[in-house]
Number of protein chains: 2
Amino acid sequence: MSEPPSRLPGSSSGSTIAVIGLGLMGGSLVRALISREDGTRVLGATPDPRDRAAAERVLRVPAAPDARDVIADADLVVYAAPLAPIVEMVPVHAPLLRDDAVVTDVAGLKRPILHAVQRAGLSSRYVGAHPMAGGERSGFDGGHEDLFRDALVWLCADRGVEPHAAQTVELFWSNLGCRPEWTDPESHDRLMERVSQLPQLTANALALALEDCGARASDLGPGGRDMTRLAESSPEVWRDLFAHTAPELAGLLRDLGGRLEELAVRLESGELGAVAELMARTGRWRVGRGKRASETE
Amino acid sequence: MSEPPSRLPGSSSGSTIAVIGLGLMGGSLVRALISREDGTRVLGATPDPRDRAAAERVLRVPAAPDARDVIADADLVVYAAPLAPIVEMVPVHAPLLRDDAVVTDVAGLKRPILHAVQRAGLSSRYVGAHPMAGGERSGFDGGHEDLFRDALVWLCADRGVEPHAAQTVELFWSNLGCRPEWTDPESHDRLMERVSQLPQLTANALALALEDCGARASDLGPGGRDMTRLAESSPEVWRDLFAHTAPELAGLLRDLGGRLEELAVRLESGELGAVAELMARTGRWRVGRGKRASETE
C-alpha cells in the first residue's frame with residue numbers, strides 16, 4: 001500500500017479543520033490532528049466551558065463557545081457533538097459555510113444526520129462517518145490521540161455527493177489511522193441497533209441488576225469489569241440515539257430477555273449439557289465465523 | 001510494605017509445587033512460578049496431551065498424564081482443573097500426599113471443593129483460593145505469566161485449618177503478585193453467582209441474540225467486543241460451576257430479564273429521560289461507590 005498524502009485534497013497549503021464538539025470524540029480528534037504537525041489549522045467549539053478550557057491547552061488557540069465562530073474559514077467541518085445538537089446546528093450553519101467546505105460527523109446513527117443535511121441543502125458536500133471507537137469516559141479529558149487508530153469507520157453519503165467531498169472525508173479518516181468502509185445509512189443504522197445500542201443497554205441493565213442485589217463494582221473480576229464498562233457511557237450521547245431507534249431497540253432487548261429465560265429454564269431443569277452447547281456456539285461465533293462480507297473470499 | 005519472602009515457609013531449600021491442570025489457569029501459574037527462578041521445583045499434570053506438550057516446553061521436565069505421579073513429593077499441591085475433576089481427584093489423592101503437604105485450588109466456587117476436602121480429611125491443610133483473573137482463551141497457550149498480577153484472590157478455609165497451611169497459601173498467592181483477601185465459602189460463592197456467573201451467561205446470551213439476528217463478531221466495535229469477550233470462555237469450566245448454582249443463577253438471569261423489559265417499556269413509551277437517568281445511575285455505581293468494606297474508611 002502506498003502512503004496516503006498527509007494533506008487534505010484541495011488544500012494547496014495547510015487546510016483548516018473545525019471540530020464542533022470537544023468531548024471524548026472531538027477531544028480525541030483534536031489531539032490526533034494536532035499531533036500530526038502537518039500545518040493543518042485546527043479550530044474547536046463547544047458550549048461546555050470545561051471541555052473548552054481543556055481543549056485550549058492542546059489547540060493553543062481559543063476554542064469558541066458558539067460553533068458559528070469557527071466554521072466560516074473551514075475546509076472541513078467535523079461534527080463531534082451528540083446527535084441532537086448536530087441536527088440542530090446543521091441548518092443554522094449551512095449558510096455560513098464556505099462554498100467548497102466539506103462536512104462530516106461522528107454520530108452513532110447516520111439517517112437522522114443525513115436527513116438534516118439534505119434539508120439544509122448540504123448533501124453534495126456531506127459524508128457521514130461513524131468511527132467504531134469510543135470509551136466509557138466522557139469529556140475532552142476522556143479522549144486520547146490514538147482513539148481512532150485501527151478503528152473501522154463507516155462512511156455514507158447521499159447519491160449526489162461530490163467526488164471531491166467523498167475523497168476528502170475518506171482520506172481524512174484514513175489519515176487518522178482508521179479503516180474506512182462505505183455503507184448505506186439504513187444498513188448502518190440497523191446494524192448499530194444490534195452491535196452497538198443493544199450491548200450498551202445490556203451493560204446498563206447488568207449494572208442495575210448487580211447494584212440492586214448488593215454487589216459492588218469493586219467486587220468484579222476482569223470479566224465482570226468488561227461487562228459493565230459501558231455502564232459509564234454518557235447518557236446524553238445515547239439518549240439522542242435511542243430517540244431514533246426506540247421501538248427496534250425495545251424488540252432487541254426483549255429478544256435478549258428471551259435468551260436469558262431460555263438459559264434460566266435449562267439451568268433449572270438440569271440441562272447443563274445444553275447450556276454448555278450454547279456456550280460453545282457463542283465461542284465459535286465470536287472467534288471465527290461471520291467476517292464482514294468484504295473480509296471473506 | 002515489606003517485601004514478602006520469596007520462599008514458601010517450611011521449605012529450607014527450594015520447595016516442590018505440583019500444578020494439577022495445565023489450562024489457562026494452570027498454564028499461567030506454571031509460567032509465573034518458573035519465571036521467578038527461585039529454586040522452586042514445579043511439576044505439572046493434565047490428561048490433555050496438547051496442554052502437556054505445551055507445558056513441557058516451559059517446565060523443561062515431563063508433565064504427567066495422571067496427577068498421582070506428581071503429588072507425592074509436593075510441598076504444595078495447586079488444583080487448577082475445572083471444578084468436577086478437582087472434586088473427583090481430592091479423595092483419590094488424599095492418601096498419596098505427604099503428611100505436611102498443603103493444598104490449594106483456583107476453582108470459581110469454594111463450597112464444593114471444601115466439602116470434598118473435608119470428606120477426604122484434608123481440611124486442616126487446605127486453603128481454597130479463587131483468583132479474580134482469567135481470560136477467554138482456553139488451554140495452556142491461553143495463559144500468560146502475568147495473569148495473576150494485581151488480581152484479588154479470595155481465600156477461604158475450614159475453621160480447623162493449620163496456621164502453617166493458611167500462611168503458606170496466603171504467601172503463595174502474594175508472591176505471585178495477587179492481593180489475598182479472606183472470606184467464608186458461603187459468602188464467596190453467593191457473591192460469585194452475581195459478579196462472575198451472571199456476567200458470564202449475559203455475554204453468552206448477548207452473543208446468541210447477535211448471531212441470530214445476523215450480526216457478525218467482526219461488526220462489533222470496542223464496546224460490543226468487551227460485551228462478548230466472555231462468550232469465548234470454556235464451556236467445561238463453567239458447566240461444572242453452574243451445576244452448584246443453577247437455581248440461584250436462574251433467578252438472577254430472570255431478574256436481569258426484568259431490567260431489560262423495564263428499559264424496553266421506557267423506550268417504547270418515549271421515556272428517554274428515565275432511560276438516561278438509569279444510565280447515569282449505573283455510571284455512578286461503577287466509578288465511585290461500592291468499594292469493598294476493606295477499602296472504605
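What counts, and where the lines are drawn
Residues numbered from 1 in each chain as written. Chains lettered and ligands numbered in written order. Predicted model: local features only at pLDDT ≥ 70, side-chain atom pairs only at ≥ 80, totals over all residues. Heavy atoms only, no water. Helix = DSSP H or I, 4+ residues; strand = E, 2+ residues; numbered from the N terminus. Rg over C-alpha atoms; globule rule 2.2 N^0.38 Å. Buried < 20%, exposed > 50% of the residue type's maximum accessible area, 1.4 Å probe, protein only. Salt bridge = Lys/Arg side-chain N within 4 Å of Asp/Glu carboxyl O. Contact = heavy atoms within 4.5 Å. Buried area = accessible area lost by both parts, 1.4 Å probe. Polar contact = N/O pair within 3.5 Å; in protein donor to acceptor, adjacent residues only side chain to side chain. Phe/Tyr/Trp six-rings, centres within 6.5 Å; stacked < 30°, edge-to-face > 60°. Arc of directions from axis to C-beta. Least-squares fit on C-alpha atoms with pLDDT ≥ 70 in both. Pairing = 2+ DSSP bridges. Axes fitted to C-alpha atoms, helices over the stretch in contact; angles between N-to-C directions. Right-handed = clockwise from strand over helix to strand, strands pointing away. Parallel < 35°, antiparallel > 145°, perpendicular 65-115°, else oblique. Nonpolar A, V, L, I, M, F, W, Y, C, P; charged D, E, K, R; others polar. pLDDT = per-residue confidence, 0-100. Disulfide = S-S within 2.5 Å.

Side note on the overall build of chain A
Moving on, step 1. In terms of regular secondary structure, chain A is built from 10 helices and 7 strands.
Moving on, step 2. Relative to the compact-globule value of 19 Å for 297 residues, chain A shows a C-alpha radius of gyration of 21 Å, a close match.
Moving on, step 3. If one aligns the C-alpha atoms of chain A with their principal axes, the spans along those axes are about 70 × 45 × 35 Å.
Moving on, step 4. Here chain A holds 297 residues, and the buried ones make up 58% of them.

So, the pattern of salt bridges
Moving on, step 1. Evaluation of the coordinates by the stated rule reveals 44 salt bridges over all chains.
Moving on, step 2. The shortest N-O distance in the salt bridge between Arg284(B) and Glu277(B) comes to 3.5 Å.
Moving on, step 3. Here Arg284(B) falls in the partly exposed class, since its relative accessible area comes to 35%.
Moving on, step 4. Three or more residues joined by partner-sharing salt bridges are found here, namely Glu211(A), Asp212(A), Asp255(B), Arg259(B) and Arg281(B).

Some remarks on the interface of chain A and chain B
Moving on, step 1. Counting from both sides, the interface comprises 80 residues of chain A and, opposite them, 79 residues of chain B.
Moving on, step 2. Surface buried jointly by chain A and chain B totals about 7900 Å² across both partners, of which 68% is contributed by carbon and sulfur atoms.
Moving on, step 3. When the area that chain A buries against chain B is broken down by residue, the three leading residues are Met279(A), Trp285(A) and Arg286(A), summing to 11%.
Moving on, step 4. Counting the contacts that link chain A with chain B gives 14 salt bridges.
Moving on, step 5. Among the ionic pairs, Glu232(B) bridges to Arg286(A), the shortest N-O distance being 2.5 Å.
Moving on, step 6. At the surface where chain A touches chain B, the tally comes to 26 residue pairs in polar contact (both at pLDDT 80 or more).
Moving on, step 7. The set of elements that each furnish at least two residues to the side of chain A that touches chain B consists of helix H6 (185-212), helix H7 (222-228), helix H8 (235-242), helix H9 (246-268) and helix H10 (272-287) of chain A.

Remarks on the packing of aromatic side chains
Residue and element names in this part refer to chain A.
Moving on, step 1. Counted according to the given criterion, the structure contains 6 aromatic pairs over all chains.
Moving on, step 2. Arranged with centres 5.6 Å apart and planes meeting at 75°, the rings of Phe148 and Trp173 form a pair that is edge-to-face. Of this pair, Phe148 sits in the loop between strand S5 (128-131) and strand S6 (152-156) while Trp173 sits in helix H5 (residues 163-175), and the two are 25 residues apart along the sequence. Trp173 shares its class with Phe148; the two are buried.

Quick notes on helix H3 (residues 83-93) of chain A
All names here are of chain A.
Moving on, step 1. Taken residue by residue, H3 has Leu83, Ile86, Met89, Val90 and His93 as its buried positions. Down the axis of H3, the sector holding all buried residues measures 120°, keeping them to one side.
Moving on, step 2. The inward-facing, buried residues of H3 contact strand S1 (16-20), strand S3 (76-79), strand S4 (102-105), helix H4 (111-119) and H8.

A closer look at the relation of the copies chain A and chain B
Moving on, step 1. Superposition record for chain A on chain B: RMSD 0.0 Å, screw rotation 180°, translation along axis 0.0 Å. Each copy turns onto its partner about a two-fold axis.
Moving on, step 2. A shared interface surface links the copies, since 99% of the contact residues of chain A are contact residues in chain B too.

Structural notes on the sheet that holds strand S1 (residues 16-20) of chain B
Whether parallel or antiparallel, the strands of a sheet pair through hydrogen bonds between backbone atoms.
All names here are of chain B.
Moving on, step 1. Ordered by their spatial adjacency, 4 strands build an open sheet running S2-S1-S3-S4, and the pairing between neighbours is parallel. Strands at the two margins of the open sheet, each flanked by one partner only, are strand S2 (41-45) and strand S4 (102-105). Between one strand axis and the next, the sheet turns by 20° as a mean value, whatever way the strands run.
Moving on, step 2. Bridge count between strand S3 (residues 76-79) and S4: 4 bridges; the pairing is parallel.

Comments concerning the pairing of S1(B)
Residue and element names in this part refer to chain B.
Moving on, step 1. For S1, a buried count of 5 out of 5 residues is recorded, marking the element as mostly surrounded by other parts of the structure.
Moving on, step 2. The two faces of S1 match: Thr16, Ala18 and Ile20 on one face and Ile17 and Val19 on the other face are all buried.
Moving on, step 3. Note: S1 against S2, 5 bridges, orientation parallel. Within the sheet, the bridge partner assigned to Thr16 lies in S2 and is Arg41.
Moving on, step 4. Regarding topology, helix H1 (residues 24-35) serves as the crossover connection from S1 to the parallel S2, and that connection is right-handed.

Details of the packing of H3(A) against H4(A)
All names here are of chain A.
Moving on, step 1. Running from N to C, H3 and H4 cross one another at 10°; their axes reach a closest spacing of 9 Å. Relative to H4, H3 is oriented roughly parallel. From H3, Leu83, Ile86, Val87 and Val90 reach across to H4, where they touch Pro112, Ile113, Ala116 and Val117.
Moving on, step 2. Its residues assigned to classes, the contact of H3 with H4 shows 8 nonpolar, no polar and no charged.

A word on the sheet that holds strand S7 (residues 179-182) of chain B
Residue and element names in this part refer to chain B.
Moving on, step 1. As summarised here, the arrangement of the 3 strands in space is S5-S6-S7, forming an open sheet in which the pairing is mixed. Since the sheet does not close on itself, it has two edges, and those belong to strand S5 (128-131) and S7, each with one partner. Each neighbouring strand pair of the sheet contributes to a mean axis angle of 25°, computed without reference to strand direction.
Moving on, step 2. Where S5 and strand S6 (residues 152-156) come together, 4 bridges link them in antiparallel fashion. Along S6, the bridge assignment pairs Ala129 with Leu155.

Here's the deal with the confidence of the model for chain A
Predicted coordinates in regions of low pLDDT should not be interpreted in detail.
Moving on, step 1. Model confidence for chain A is summarised by a mean pLDDT of 92, while 93% of its residues fall at 70 or above.
Moving on, step 2. Every residue in residues 290-297 of chain A is under pLDDT 50, and counting partners more than four places away or in other chains gives 17 contacts.

Quick notes on the state of the cysteines
Moving on, step 1. Counted by the stated rule, this structure contains 0 disulfides over all chains.
Moving on, step 2. Here Cys213(A) is not cross-linked by a disulfide; its sulfur's nearest cysteine counterpart is in Cys156(B), at 20 Å.
Moving on, step 3. A relative accessible area of 26% places Cys213(A) in the partly exposed class.
Moving on, step 4. The thiol of Cys156(B) is unpaired, and the distance to the nearest cysteine sulfur, on Cys178(B), comes to 15 Å.

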